[in-house]
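What follows is each chain in one-letter form.
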Amino acid sequence: MNIRLLAKRNIQGNAQRYLAYFFSIVLSVSIFFIYASFIFHPDVVHANIPGGQLISRGLIAAEIVIIIFSVFFIAYSNAAFIQPRKKEFGLLTLLGMSKSQLRKLIYLEQTMVSLISILIGVGLGFLFSKLFLMAISWLLAVEQPISFVFVPEAFIYTIVGFILLFQLLSLFSLFRIGNAEVVDLLKDKQKPKKAPLVSKWLVALSAVCLSISYYLACTMSLNNSYRVLPIVFFVLIGTYFLFSQSIVALCSRLYQKKKSLYGGTNLITQTNLTFNIKDYSRLFFLTSIITAVILTAAGTLFIFSADLKKQGMDNIPQSIGWVENDASVYSVIEPSAVEKTLKEDGFKILYEVNMTGVPITHMLPHMRTGESRENRSLLISESDYNNAAALRKIEPAKLSGKEALYIFPYGGLDYQFVHKGEQKELHFGNGTIQVTMVGQRNQSIVAPIKAATTLMVVDDQLYHEITADVPLKEKVRVRGYEIKDWEESMETAAKIEKMSNNPDQNPLQTRAPIYQEMKQGSILILFIGLFVSLLFFIVQGSMMYLRVFTNLEDKKIQIYALHRLGLTKKEIRQILSAEIRILFFAPFLIGVIHAIVAYVALSNLLESNLFVYSSMVIATYFLFQLLYYQVTKKIYERAVINSIK
């Protein structure tokens, strides 16, 4: 028997404990290799793939996230492997193994597992990289699929990078055991657990921090998006003390209610929970935060992708729109040419917009500094606004006398440039008029291009008084066409854009190309993000799996003693199921609450009801979590119950 053989047999003997860890590392290495294969692909490096450089930057960011996350996971796992084996290390030391030999044993075990994980991970990554390239080719809609080639850089960066990572973390883990005395190692498991202590002040701090973070998130808008960092800070502090203090206090309070302990197996379950909850608190904190990150990130990507069509229609009011700076002629494009092209390509015109207005200037505050600056808008009549608003199912304006309504085209920006009752001077040509503002609406009714980017709506009579002497050539004309099935009008939009004159000076806006570009980008981001989210999910499940099997030997001793006292196998399963259920679903519940608050903030930013989308994301995650729980429970129950046969 030598140290190398002993390390091999230790791995075989602890295969059940290494299972989830091994699977997580293999998945991390595989995803890292697949992403690296694309990043260093010759066609991407030489910019032969449209959009390839953009995806490459996204994948590099994902690679960094994978490495950072792997560092925390491997460090946590190494600690979890060493802790339950201290008695074993103490016996080996007592039998004559030196500290250097003990360190060598631990180092060899971790090195063997890491090398096997890396080799299998790279192998699987190489096998599935072809499917990944095919998927990316389809998403980018390239004429020729991205070729499957051998990328040496992917092998080098993946293998060398993860080997160095494992080696560094393995060296750090050796210090956890290397300086411990034999007596401490042998008696580590025999130390009696004390009832956990709770600080009322820290319980209050957790409630205050979470309340502040939830309030800031629920009232967040684009105007105060800087709140993200304070929200994250308060959530982390509040969640940590929630599990390390508040939940501990709750368990202690429940334990004091003696009547509840006498029902079924509650005495054993609650006793185990009360005395172990302090040990679980760090795991609960980590897994709840990971759950919140997964749900928030995956949900945001999914919601943004699913809500993309609505965003396109909100920000680009008509499928085709343009602005004529001289209302007396059509210098950008003839409407008859647009209508003819749409008809030839089989698109039905749902409605058209044709309005004129007068360019004006007025003073508005700057969003950041608040300093008053000159701003240009297009003055239009109330009837023209209401006609266009009715077509877009927007509430009509109700004005009289010298009242005016300011229209800002971007609904997601919650900033009030004007206020109700404010007096404002409007300058047009050589004239000036003072109006009373009735408010501001952040919504677009016509293409927000140059002179028509922002609108100032006034009463019809006042508009005619102002514009009576303004010749048509000094007015601005806004045209627009809304068509059915506009998402499929890419080729038609391209034809119309080519027909327009001087697009830089007199821009023409088409919705389909912008929407398709945003859709393609969002699908790619969603595709990449789901891979990373899957990795996060597997890793956080593995952390719980490791925690369950860390105390497997102690649990076997406890269950064996209870079985001898008359506990049935059915009752044993109830105890084990309850303990694992708490491990899996207590942090899941808190993570879901954090994610729901994040969805509320996102709903405010997008001005949309995201209940359906967020419910779908949470339900999908719950099903995966339930599956992971069932698998872990079966393996754990089998391992414990087999020991009492």
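So, a few notes on the structure that sits alongside this text. (Residues numbered from 1 in each chain as written. Predicted model: local features only at pLDDT ≥ 70, side-chain atom pairs only at ≥ 80, totals over all residues. Heavy atoms only, no water.)

Looking now at the packing of aromatic side chains. Within the structure shown, the criterion is met by 30 aromatic pairs. Between the aromatic rings of Trp486 and Tyr515, the centroid separation amounts to 5.0 Å while the plane-to-plane angle is 75°, which identifies the pairing as edge-to-face. You can see Trp486 sitting in the loop between strand S8 (476-483) and helix H17 (490-499) and its partner Tyr515 sitting in helix H18 (residues 511-550), a full 29 residues away along the chain. Judged by centre distance (6.1 Å) and plane angle (90°), the ring pair of Phe585 and Phe588 falls under edge-to-face. Note that Phe585 and Phe588 are positioned in helix H20 (residues 569-606) at a spacing of three residues, about one turn of the helix. Judged by relative accessible area, Phe585 falls into the buried class, the value being 17%. Taken together, the ring pairs connect Phe537, Phe584, Phe585, Phe588, Tyr621, Phe622, Phe624, Tyr628 and Tyr629 into an aromatic cluster. (Phe/Tyr/Trp six-rings, centres within 6.5 Å; stacked < 30°, edge-to-face > 60°. Helix = DSSP H or I, 4+ residues; strand = E, 2+ residues; numbered from the N terminus. Buried < 20%, exposed > 50% of the residue type's maximum accessible area, 1.4 Å probe, protein only.)

Among the structural elements, Ser114 can be located in helix H6 (residues 99-140). Among the polar contacts listed, one links the side chain of Ser114 to the backbone oxygen of Thr111, at a separation of 2.7 Å. (Polar contact = N/O pair within 3.5 Å; in protein donor to acceptor, adjacent residues only side chain to side chain.)

Residue placement: Phe285 occurs in helix H12 (residues 266-306). The class of Phe285 is buried, set by a relative accessible area of 15%. Separated by 43 residues in sequence, Phe285 and Leu242 place their C-alpha atoms 8.4 Å apart. Discounting chain neighbours no more than four positions away, the residues touching Phe285 are Leu236, Thr239, Tyr240 and Phe243. (Contact = heavy atoms within 4.5 Å.)

Attention shifts here to unusual backbone geometry. The backbone of Lys393 sits at a positive phi, close to 55°, despite the residue not being glycine. Relative to the helices and strands, Lys393 resides in the loop between helix H15 (382-391) and strand S4 (403-408). Backbone geometry places Lys450, a non-glycine residue, at a positive phi of 40°. Turning to its location among the elements, Lys450 is positioned in the loop between strand S6 (431-442) and strand S7 (455-458).

Now for the packing of H17 against H18. As a packed pair, H17 and H18 sit with axes 8 Å apart at the nearest point and diverge in direction by 130°. Here H17 lies oblique to H18, going by the angle between them. H18 is crossed by H17, and the crossing has left-handed handedness. Contact residues: Met490, Ala493 and Glu497 in H17; Ala512, Pro513 and Gln516 in H18. Split by residue class, the contact of H17 with H18 holds four nonpolar, one polar and one charged. (Axes fitted to C-alpha atoms, helices over the stretch in contact; angles between N-to-C directions. Parallel < 35°, antiparallel > 145°, perpendicular 65-115°, else oblique. Left-handed = near helix turned anticlockwise from the far one by under 90°. Nonpolar A, V, L, I, M, F, W, Y, C, P; charged D, E, K, R; others polar.)

Across all of its chains, the model carries six salt bridges by this definition. One salt bridge in this structure joins Arg479 and Glu352, with 2.6 Å as the shortest N-O distance. In this pair, Arg479 sits in strand S8 while Glu352 sits in strand S2 (residues 349-365), placing the two residues 127 residues apart along the sequence. Here Arg511 makes a salt bridge to Glu482, at a shortest N to O gap of 2.9 Å. With Arg511 in helix H18 and Glu482 in strand S8, this residue pair connects regions lying 29 residues apart in the sequence. The same class applies to Arg511 as to Glu482, namely buried. (Salt bridge = Lys/Arg side-chain N within 4 Å of Asp/Glu carboxyl O.)

A few words now on helix H1 (residues 3-13). Those residues of H1 that sit buried are Ile3, Leu6, Ala7, Asn10 and Ile11. Seen along its axis, H1 keeps its buried residues to an arc of 140°; they face one direction. Residues of H1 that are exposed and point more than 90 degrees away from the buried face comprise Arg4, Gln12 and Gly13. (Arc of directions from axis to C-beta.)

When you tally the buried positions in strand S1 (residues 320-324), you get five out of five residues, the bulk of the element. Because side chains alternate across S1, one face comprises the buried residues Ile320, Trp322 and Glu324, and the other comprises Gly321 and Val323, equally buried. For S1 and S8, the ladder comprises five bridges, and the chain directions are antiparallel. Looking at the pairing, Ile320 lines up with Tyr481 of S8. Taken together, the three bridges between S1 and strand S9 (residues 508-510) define a ladder with antiparallel strand orientation. (Pairing = 2+ DSSP bridges.)

What follows deals with the environment of Ile360. Secondary-structure assignment places Ile360 in strand S2. Separated by 66 residues in sequence, Ile360 and Leu426 place their C-alpha atoms 6.4 Å apart. Contacts of Ile360, omitting those with residues within four sequence positions, involve Asn375, Arg376, Ser377, Leu379, Leu426, His427, Phe428 and Met456.

Here we come to helix H13 (residues 308-315). By the burial criterion, the buried members of H13 are Leu308, Gln311 and Gly312. One side of H13 holds all its buried residues, which, seen down the axis, span an arc of 100°.

A separate point is the state of the cysteines. By the definition in use, this model includes zero disulfides. Residue Cys209 stays outside any disulfide, its sulfur separated by 16 Å from that of Cys218, the closest cysteine. By relative accessible area, which is 5% here, Cys209 ends up buried. (Disulfide = S-S within 2.5 Å.)

Let us look at the packing of helix H19 (residues 552-564) against helix H21 (residues 611-641). Viewed as axis vectors pointing N to C, H19 and H21 meet at an angle of 55°, and their least axial separation amounts to 9 Å. By the angle class used here, H19 and H21 are oblique. Like other packed secondary-structure pairs, H19 and H21 cross with a definite hand, here right-handed. Listed contacts from H21 to Leu552, Lys555, Lys556 and Ile559 of H19 are Tyr636, Ala639 and Val640.

Our next topic: the pairing of S7. Both faces of S7 are covered, namely the face carrying Leu455 and Val457 and the face carrying Met456 and Val458. Bridge analysis of strand S3 (residues 372-381) against S7 gives four bridges, and the strand direction is parallel. The residue bridging Ser381 from the neighbouring strand is Val458, located in S7. Taken together, the four bridges between S4 and S7 define a ladder with antiparallel strand orientation. Following the sheet pairing, Tyr406 is matched in S7 by Met456.

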